[in-house]
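Overview (structure and organization)
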Amino acid sequence: MHRGIQWIANTNIVLAVFLLGPTVFILNTFTESLGAYLSNIIPMSFRTASYGDSDFVSGWTIFYWAWWISWAPFVGVFIARISRGRTIREFVLGVILAPSVVSFVWFAILGGSAIDLQLAGTAKTAEIAANNQAAALSPPWSDSRCSG
């Protein structure tokens, strides 16, 4: 029973993405963004902003440095516990490759759908952001226009 419901739920999600969403646009977004990521990861990892825009790079670096310092013990313990008894191959696949692929697919589906809505004119995020940045970042259900 549990496996059947799980199979139906997973099938439902896949069908919803491929039948209701802009499938070709999402697949193109996935392919293009993955290629851009792979081609830019080395140059971007060495970016120090020595010629300008150092505020962004400095703040971003300090933010991630502090985030990893605060979460490293928890992440380390969690990964150690779930990796007990696994081979190095299983560890690399389960900790690095699988989450990365899932994240790429997730961002392609959600981001690609949002970009498609923006390009089609259905979503007017750029227009809203030009007038009120906070409104563009808030969820639509918190907007007073949605309350009727």
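Basis of the calculations
- Sequence order sets the numbering: in each chain, residues are counted from 1 along the sequence as written.
- Given that the model is predicted, a residue must reach a pLDDT of at least 70 before its local features are reported, and side-chain atom pairs must reach 80 or more before they are shown or counted; all residues, however, enter totals for whole chains, interfaces and linings.
- Excluding hydrogens and water, the side-chain figures rest on all heavy atoms present in the structure.
- Helical segments are the DSSP runs of H or I of at least four residues, strand segments are the runs of E of at least two, and each set is numbered from the N terminus.
- For the radius of gyration, the atom set is restricted to C-alpha positions; the globular benchmark scales as 2.2 Å times the number of residues to the power 0.38.
- It only takes one pair of heavy atoms within 4.5 Å for two residues to be counted as in contact.
- What sets the accessible areas is the Shrake-Rupley method with a 1.4 Å probe; for residues, cover comes only from the shown protein chains.
- How far a helix is expected to stretch is found by multiplying one less than its residue total by 1.5 Å.
- One axis fitted to the seven residues ending at a residue, another fitted to the seven starting there: the angle between these axes is the bend at that residue.
- When two rings of Phe, Tyr or Trp (its six-membered ring) have centres within 6.5 Å they constitute a pair, described as stacked for plane angles under 30 degrees, edge-to-face for angles over 60, and tilted for the intermediate range.
- Only protein chains enter the accessibility calculation, which uses a 1.4 Å probe. A residue is then buried if its area is under 20% of the maximum for its type, exposed if over 50%, and partly exposed in between.

In terms of regular secondary structure, the chain is built from six helices and zero strands. At 20 Å, the chain has a C-alpha radius of gyration far larger than the 15 Å of a compact globule built from 148 residues. Here the C-alpha coordinates of the chain stretch approximately 60 × 55 × 30 Å along the principal axes. By sequence separation, contacts in the chain at least 24 residues apart represent 44% of the contacts at least 6 residues apart. Carbon together with sulfur atoms contributes 69% to the accessible area of the chain, which is approximately 12,600 Å² in total.

What follows concerns helix α4 (residues 88–120). In this model α4 runs 46 Å from its N-terminal to its C-terminal C-alpha over 33 residues, within 8% of the 48 Å that 1.5 Å per residue would give. Helix geometry: α4 is bent most strongly at Gly94, by close to 35°. Directly after α4, the chain includes Gly121, whose backbone phi takes a positive value near 90°.

As a further point, take the packing of aromatic side chains. Counted according to the given criterion, the structure contains five aromatic pairs. Between Trp67 and Trp68, the ring centres sit 4.9 Å apart and the planes meet at 90°, which makes this aromatic pair edge-to-face. With centroids separated by 4.9 Å and ring planes inclined at 20°, the aromatic side chains of Trp106 and Phe107 adopt a geometry described as stacked. For Trp106, a relative accessible area of 46% gives the class partly exposed. Chaining the aromatic ring pairs together yields one cluster made of Trp67, Trp68, Trp71 and Phe74.

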